[in-house]
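# Notes for the structure review
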Amino acid sequence: MRRAMERLTRGVARASERAMRGANGGTREPVSAVRAGAVTAVVTGTAASAIVAGGASAVACAGESESKNARAATEEKSDGGKGIGKGETKTPTVVFVLGGPGAGKGTQCANIVRDFAFVHLSAGDLLRAHMKSGSPEGNMVAEMIKQGQIVPSEVTVNLLLDAMRASGEDRFLIDGFPRNKENRDAWENTAGFDCDFVLFFDCPEDVMTTRLLGRNEGRSDDNIETIKKRFVTFRESSLPVINYYEKLNKVCTVNSDQSPEDVYAQTKGFFSKFA
Ligand SMILES: Nc1ncnc2c1ncn2[C@@H]1O[C@H](COP(=O)(O)OP(=O)(O)OP(=O)(O)O)[C@@H](O)[C@H]1O
Ligand SMILES: O=c1ccn([C@@H]2O[C@H](COP(=O)(O)O)[C@@H](O)[C@H]2O)c(=O)[nH]1
């Protein structure tokens, strides 16, 4: 594990250089992975799965108590087939937890952490802590969050890797990342291994809006103006990432337009192999 993390650190510098060359706050993200007709469906409040290419696979995944892909990933891992460095036999287990703003990612991560041996790392929480530093970079992060934009990958990947190292653990729920192709590329180039699977919380925008406006945690982005921007960013930049993983058959979708208890009943099925 330590060697894996050391390799992650070395990779950061190389990936940072590449990421900064392409850093744009997420606005250059190609939207080709999102089917044209489906964008309208989201605008009208249809759940995001309607615009995820290969949605049928997502439904199949969500209908199983354990993801086919999660199982395959475990089998590959036990062979050492996903080693991230010479002589490295153990790779951290990473689940990317994705979904629109207010879909309930953080709420469900808390449940998973209670019942399974995972460390929850929220990219948004790490960025919010970073912005409080008052440094120029922290101020930039604060402004980007207020505008619903995606912070350059270098910043987020460094924060995540630092937190992973500091935990000393080897199973992580990475909540709210990767948010665009640049994030995903930076992760791959830096970490040298991919997630085991993606846990996708699918929720209609009108439901998410109500939740965000009722959250009342004093966040600078939980206001209607920023919420609209966050939805645009999610549709244009984040859904293509889910599409990407969907094509790899790695997405486990949960309908999060249900009570927190019912959402978790569905969610925990994907973690049975970690019990
Ligand atoms: N299934 C649910 N039903 C009703 N309310 C919920 C549900 N899940 C979460 N909430 C509430 O909705 C709000 C947003 O939830 P949460 O913070 O977990 O979402 P999130 O996806 O992590 O959001 P963000 O991406 O903005 O950080 C919170 O106030 C939470 O208590
Ligand atoms: O990988 C990430 C994660 C988050 N951001 C920025 O933070 C806010 C809030 O994120 P939450 O996941 O809702 O807490 C998000 O809108 C982005 O501005 C990011 O840039 N990259």
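As the structure is a computational prediction, the values presented were derived from the model and not from experiment. (Residues numbered from 1 in each chain as written. Chains lettered and ligands numbered in written order. Predicted model: local features only at pLDDT ≥ 70, side-chain atom pairs only at ≥ 80, totals over all residues. Heavy atoms only, no water.)

Bringing the site of ligand 2 into the picture now. Neighbouring residues of ligand 2: 17 residues in total, closest Arg128, Gln149, Val151, Arg179 and Arg219. At 2.9 Å, a side-chain N or O of Arg128 approaches an oxygen atom of ligand 2. Within the backbone of Gln149, a nitrogen or oxygen atom sits 2.6 Å from an oxygen atom of ligand 2. For ligand 2, whose accessible area on its own is 450 Å², the fraction buried by protein is 96%. Because more than half of its atoms lie within 2 Å of the grid, ligand 2 is assigned to the largest pocket. When residues of the shell around ligand 2 are traced back to their parent elements, those giving at least two are α6 (123-131) and α7 (136-146). The leading source of residues in the shell around ligand 2 is α6, at 4 residues. The residue inventory of the shell around ligand 2, partitioned by class, reads 7 nonpolar, 5 polar and 5 charged. (Near = heavy atom within 4 Å. Polar contact = N/O pair within 3.5 Å; in protein donor to acceptor, adjacent residues only side chain to side chain. Areas by Shrake-Rupley, 256 points an atom, 1.4 Å probe, with all protein chains shown as cover. 1 Å grid on protein atoms, 1.4 Å probe; cavity = no way out; pocket = protein on both sides within 12 Å on 5 of 7 lines; lining within 4 Å. Sits in = over half its atoms within 2 Å of the grid points. Helix = DSSP H or I, 4+ residues; strand = E, 2+ residues; numbered from the N terminus. Nonpolar A, V, L, I, M, F, W, Y, C, P; charged D, E, K, R; others polar.)

Take the site of ligand 1 next. Surveying the vicinity of ligand 1 reveals 18 residues, the closest of which are Lys105, Thr107, Arg215, Arg230 and Gln258. In this structure, an oxygen atom belonging to ligand 1 sits 3.2 Å away from a main-chain N or O atom of Ala103. The fraction of the free accessible surface of ligand 1 (630 Å²) that becomes covered by protein chains is 76%. Here ligand 1 occupies the largest pocket. Of all the secondary-structure elements, those providing two or more residues to the shell around ligand 1 are α5 (105-115), α10 (205-213) and α12 (260-267). Looking at the shell around ligand 1 element by element, the count peaks at 3 residues for α5. Looking at the shell around ligand 1, its residues break down into 5 nonpolar, 8 polar and 5 charged.

With that settled, consider the pattern of salt bridges. Under the criterion given, the structure shown has 14 salt bridges. With its nearest N and O atoms 3.9 Å apart, the salt bridge here joins Asp185 to Arg184. Judged by relative accessible area, Arg184 falls into the buried class, the value being 6%. Of the charged contacts, one joins Lys273 and Asp196 as a salt bridge, the two residues approaching to 3.9 Å between their closest N and O atoms. Of this pair, Lys273 sits in the segment after α12 while Asp196 sits in the loop between α9 (181-191) and β4 (197-202); the two residues are 77 residues apart in sequence, bridging distant segments of the chain. The class for Asp196 is buried, based on a relative accessible area of 2%. Among the ionic contacts, a cluster of salt bridges with common partners joins Arg215, Arg219, Asp221, Asp222 and Arg230. (Salt bridge = Lys/Arg side-chain N within 4 Å of Asp/Glu carboxyl O. Buried < 20%, exposed > 50% of the residue type's maximum accessible area, 1.4 Å probe, protein only.)

Let us look at the layout of surface pockets. Of the volumes computed, that of the largest pocket is approximately 1,000 Å³. In terms of lining residues, the largest pocket is bounded by 48 residues, among which Lys105, Arg179, Arg215, Arg219 and Arg230 are the most central. At the level of elements, β1 (93-99), α5, β2 (119-122), α6, α7, α10, α11 (224-247) and α12 are the ones that each hand at least two residues to the lining of the largest pocket. The element contributing the most residues to the lining of the largest pocket is α6, with 6 residues. A breakdown of the residues in the lining of the largest pocket according to their chemical character gives 16 nonpolar, 21 polar and 11 charged. (Points joined across faces, edges and corners; volume = space filled by probe spheres on them.)

The next point concerns the packing of α6 against helix α8 (residues 153-167). It is the contact of α6 with α8, at a shortest axis distance of 10 Å, that shows an interaxial angle of 100 degrees. Between α6 and α8, the angle falls in the class roughly perpendicular. Counting all contacts with α6, which are made through Ala123, Leu126, Leu127 and His130, the residues of α8 involved are Val155, Thr156, Leu159, Leu160 and Ala163. In terms of residue class, the contact of α6 with α8 is made up of 7 nonpolar, 2 polar and no charged. (Axes fitted to C-alpha atoms, helices over the stretch in contact; angles between N-to-C directions. Parallel < 35°, antiparallel > 145°, perpendicular 65-115°, else oblique. Contact = heavy atoms within 4.5 Å.)

Pairing is parallel in the open sheet, where 5 strands are placed in the order β2-β3-β1-β4-β5. Since the sheet does not close on itself, it has two edges, and those belong to β2 and β5 (251-255), each with one partner. On average, adjacent strands in this sheet sit at an angle of 20 degrees to one another, irrespective of strand direction. Where α5 meets the sheet, it contacts β1, β2, β3 (171-175) and β4, and its direction lies at approximately 170 degrees from that of β3. The strands that α6 touches are β2 and β3; relative to β2, the one it contacts most, it runs at about 60 degrees. (Pairing = 2+ DSSP bridges.)

Right, let's talk about the UniProt feature "binding site: a ribonucleoside 5'-phosphate" (unreviewed entry) in the chain for a bit. The UniProt feature table records "binding site: a ribonucleoside 5'-phosphate" (unreviewed entry) at Arg128, Gln149, Ile150, Val151, Gly176, Phe177, Pro178, Arg179, Arg219 and Arg230. Checked against the lining of the largest pocket, the annotated residues just named reduce to Arg128, Gln149, Ile150, Val151, Gly176, Phe177, Arg179, Arg219 and Arg230. Looking at the secondary structure, you find Arg128 in helix α6. Residue class for Arg128 comes out buried when judged on its relative accessible area of 16%. Within polar-contact distance, the side chain of Arg128 engages the side chain of Asp125 at 2.8 Å. Residues in contact with Arg219, not counting those within four places in the same chain, are Arg128 and Arg230. At a separation of 3.0 Å, a polar atom in the side chain of Arg219 contacts the side chain of Asp221. (UniProt positions renumbered as here; feature names shortened; annotations may be inferred.)

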